Amino acid sequence: MELGNFTGFSEFLLLGLSEEPELQPLIFGLFLSMYLITVLGNLLIILAVSSDSHLHTPMYFFLSNLSLVDICFISTTVPKMLWNIQTQSKVITYEGCITQMYFFLLFAGLDNFLLTVMAYDRFVAICHPLHYMVIMNSRLCGLLVLVSWVMSVLHSLLQCLVVLRLTFCTDLEIPHFFCEIKQMALLACSDTFLNNMVMYFGIVLLGGGPLVGILYSYSKIVSSIRAIPSAQGKYKAFSTCASHLSVVSLFYGTSLEVYLSSAATHSSSATASVMYTVLTPLLNPFIYSLRNKDIKRALKRLVGMVAIKVPIVLGLKKCT
């Protein structure tokens with residue numbers, strides 16, 4: 001088939017994590033379980049924060065936004081993979097591939113920016129506790145989330161526009177479980193210099209920039225914690241950052257391995273991608289709730305309310 005416009009093609013093939021038929025049921029069950037737990041866990045965080053007035057603070061406002069983004073993030077990749085396994089098909093249309101790539105980049109960028117905003121929130125809370133509520137007012141919090149959305153939308157749109165200019169050869173197999181932009185560039189027959197420049201510019205902008213902001217915030221936080229005289233005060237201050245620091249380490253450690261390691265093999269790339277696209281959204285609700293007394297209290301109250309209302313509703317239905 002001659003090199004030319006993509007109009008001659010209509011679909012790609014997603015090879016997934018493994019091509020072994022006997023492993024497909026195991027992969028399907030494992031990822032379906034992780035997907036359902038992720039959606040339920042993050043949804044519970046959102047409901048707990050919205051239903052408890054004590055959690056209407058900047059920190060939990062950003063946490064609920066992160067949970068919403070995590071639900072959308074994992075929903076861009078896992079459902080399609082599960083559908084392909086169930087139907088024993090590896091096909092994804094060209095339009096579907098571009099759409100998946102767009103939303104994947106959008107929510108990955110939002111994760112980056114929200115983690116940075118949350119680091120700034122912890123910086124203000126620990127380094128400027130007396131002015132915390134004045135600095136982190138509702139207007140600033142809303143503006144920070146809005147800017148994160150705008151930056152992520154523009155970046156995702158730019159990356160997809162440069163992919164649209166590419167032409168592809170006969171090999172349309174993507175050695176991944178979703179349409180990953182780096183793999184798309186490797187399949188192209190046309191010149192990918194512009195794509196590589198835009199892609200690495202995006203890595204610096206959405207990876208390096210927020211990471212520098214997070215590291216700067218934590219350098220100030222560490223200095224402030226060291227200045228606290230009591231060991232109990234130091235522990236209390238550090239415990240407010242421990243959950244966020246765990247998520248940042250997991251997300252950046254795996255995502256940077258994928259995009260910065262040019263020597264990475266397909267298997268290691270796929271494994272790292274699972275870590276930051278599936279495991280990070282899965283673990284976030286547990287990391288932020290297991291050691292957080294406020295979230296635990298809100299979840300218990302929420303579960304109690306549901307436990308009371310469900311029997312009443314069922315009783316009313318029986319009466320009617």
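Only a predicted model underlies this, so the values are computations on that prediction, with no experimental measurement involved.

1. Describing the overall build of the protein chain
Across its full length, the protein chain carries eleven helices and three strands. In the protein chain, the succession of helices and strands from N to C terminus is β-α-α-α-β-α-α-α-β-α-α-α-α-α. The burial tally for the protein chain puts 45% of its 320 residues in the buried class. Put simply, of all contacts in the protein chain between residues at least 6 apart along the chain, 79% involve residues at least 24 apart. Taken as a whole, the protein chain presents about 16500 Å² of accessible surface, with 69% of it coming from carbon and sulfur.

2. A short note on the packing of aromatic side chains
Applying the stated criterion to the full structure yields 13 aromatic pairs. Plain terms: the ring middles of tyrosine 102 and phenylalanine 103 are 5.2 Å apart, the flat faces sit at 85° to each other, and that makes the pair edge-to-face. Under the relative-accessibility criterion, phenylalanine 103 is labelled partly exposed at 35%. Measuring from centroid to centroid gives 4.9 Å for phenylalanine 177 and phenylalanine 178, while their planes differ by 70°, and the two rings are edge-to-face. With respect to class, phenylalanine 177 is no different from phenylalanine 178; both count as buried. Following the ring pairs from residue to residue traces out a cluster consisting of Phe73, Phe104, Phe177, Phe178, Phe251, Tyr252 and Tyr276.

3. Some points on the state of the cysteines
Summed over all chains, the structure comprises one disulfide. Each sulfur of the disulfide joining cysteine 97 and cysteine 179 lies 1.9 Å from the other. Between cysteine 97 and cysteine 179 the sulfur-sulfur dihedral comes to about -120°; the bridge is accordingly left-handed. On the criterion of sequence distance, the pair formed by cysteine 97 in helix α4 (residues 94–127) and cysteine 179 in the loop between β3 (173–174) and α7 (181–187) is long-range, its members being 82 residues apart. You'll find cysteine 97 and cysteine 179 in the same group, each marked buried. In this model cysteine 160 remains outside any disulfide bridge; the closest cysteine sulfur is found in cysteine 97, 9.5 Å from its own.

4. Structural notes on the UniProt feature "transmembrane region" (unreviewed entry) in the protein chain
Here the UniProt feature "transmembrane region" (unreviewed entry) sits at residues 26–49, 61–82, 102–120, 140–158, 197–216, 237–254 and 274–291. The span residues 140–158 shows a helical share of 100% and a strand share of 0%, and its end C-alpha atoms are spaced 27 Å apart.

5. A few points about the sheet that holds strand β2 (residues 91–93)
Spatially, the three strands line up as an open sheet ordered β2-β1-β3, and their pairing is mixed. Of all the strands in the sheet, just β2 and β3 have a single pairing partner and so form its edges. Pairing analysis gives two bridges linking strand β1 (residues 11–14) to β3, with the strands arranged parallel. By the bridge assignment for β3, leucine 13 is matched with glutamate 173. Sitting on the sheet, α4 is in contact with β1, β2 and β3, with an inclination near 80° to β2.

6. A short note on the nonpolar core
Considering soluble globular proteins, one finds that nonpolar side chains tend to be buried as a cluster. Counting residues in hydrophobic clusters, the biggest one holds 78 residues, and the most contacted among them are Phe12, Phe31 and Met184. In this structure, phenylalanine 31 is in contact with Leu17, Val78, Met81, Leu82, Val274 and Val278, ignoring residues within four places of it in sequence.

7. Comments concerning the pairing of β1
Going residue by residue along β1, you find Phe12 and Leu14 tucked away on one face and Glu11 and Leu13 left uncovered on the opposite face. Direction of pairing for β1 relative to β2: antiparallel, over a ladder of three bridges. When the sheet's bridge partners are listed, leucine 13 is paired in β2 with valine 91.

8. Overview of the side chain of histidine 244
Among the structural elements, histidine 244 can be located in helix α9 (residues 231–260). Exposure remark for histidine 244: the relative accessible area of 3% places this residue in the buried category. At a separation of 2.7 Å, a polar atom in the side chain of histidine 244 contacts the main-chain carbonyl oxygen of leucine 115. Not counting the four nearest positions on each side in its chain, histidine 244 is found in contact with Leu115, Met118, Ala119, Tyr218 and Tyr288.

9. Examining the pattern of salt bridges
Counted according to the given criterion, the structure contains two salt bridges. Measuring nitrogen to oxygen at the nearest pair gives 2.9 Å for the salt bridge that ties aspartate 121 to arginine 122. Assessed through its relative accessible area of 1%, aspartate 121 is described here as buried. You can call arginine 122 buried: its relative accessible area is 8%.

10. As for the environment of serine 148
Within the secondary structure layout, serine 148 lies in helix α6 (residues 138–164). Spatially, the C-alpha atoms of serine 148 and leucine 114 are 7.0 Å apart, while their sequence positions differ by 34 residues. With near-sequence residues (within four places) excluded, serine 148 lies in contact with Leu110, Phe113 and Val117. Only 2.8 Å separates the side chain of serine 148 from the backbone oxygen of leucine 144, close enough to count as a polar contact.

11. Re the environment of valine 163
Topologically, valine 163 is positioned in helix α6. Put simply, valine 163 and threonine 192 are 29 residues apart on the chain and 8.9 Å apart in space, counted from C-alpha to C-alpha. Excluding residues that lie within four positions of it along the chain, valine 163 makes contacts with Ile98, Met101, Ile181, Met184 and Asn195.

Criteria and thresholds
Residue positions are given per chain, counting from 1 as you read along its sequence in written order. Where local features are concerned, this predicted model is filtered to residues with pLDDT of at least 70; where side-chain atom pairs are given and counted, the filter is 80 or more; whole-chain, interface and lining totals use all residues. By convention in this description, side-chain values take in all heavy atoms of the structure and omit both hydrogens and water. The helix and strand labels rest on DSSP assignments: H or I over at least four residues marks a helix, E over at least two residues marks a strand, and numbering proceeds from the N terminus. Buried residues are those whose accessible area, probed at 1.4 Å on protein chains only, stays under 20% of the maximum for their type, while exposed residues exceed 50% and partly exposed ones sit between those limits. What makes two residues a contact is simply this: any of their non-hydrogen atoms within 4.5 Å. Residue-level accessible areas treat just the shown protein chains as cover; the underlying method is Shrake-Rupley with a 1.4 Å probe. Side-chain rings of Phe, Tyr and Trp, where Trp is taken by its six-membered ring, are said to pair if the distance between their centres is within 6.5 Å; with planes under 30 degrees apart they count as stacked, over 60 as edge-to-face, and otherwise as tilted. Two cysteine sulfurs form what is called a disulfide whenever their separation falls within 2.5 Å. UniProt positions are given in the numbering used here, feature names are shortened, and annotations may be inferred rather than shown by experiment. Strand pairing is assigned whenever DSSP identifies at least 2 bridges connecting the two strands. Convention adopted: a line fitted to C-alpha atoms gives each axis, helices being fitted over their contacting stretch, and angles between N-to-C directions are expressed from 0 to 180 degrees. Nonpolar cores are built from buried Ala, Val, Leu, Ile, Met, Phe, Trp, Tyr and Cys residues. Side-chain atoms within 4.5 Å join them into one set. Here a polar contact is recorded for every N or O atom pair within 3.5 Å, except that within protein the pair must consist of a potential hydrogen donor and a potential acceptor, and residues adjacent in sequence are included only if both atoms are side-chain atoms. Put simply, a salt bridge is a Lys or Arg side-chain nitrogen that is within 4 Å of an Asp or Glu carboxyl oxygen.

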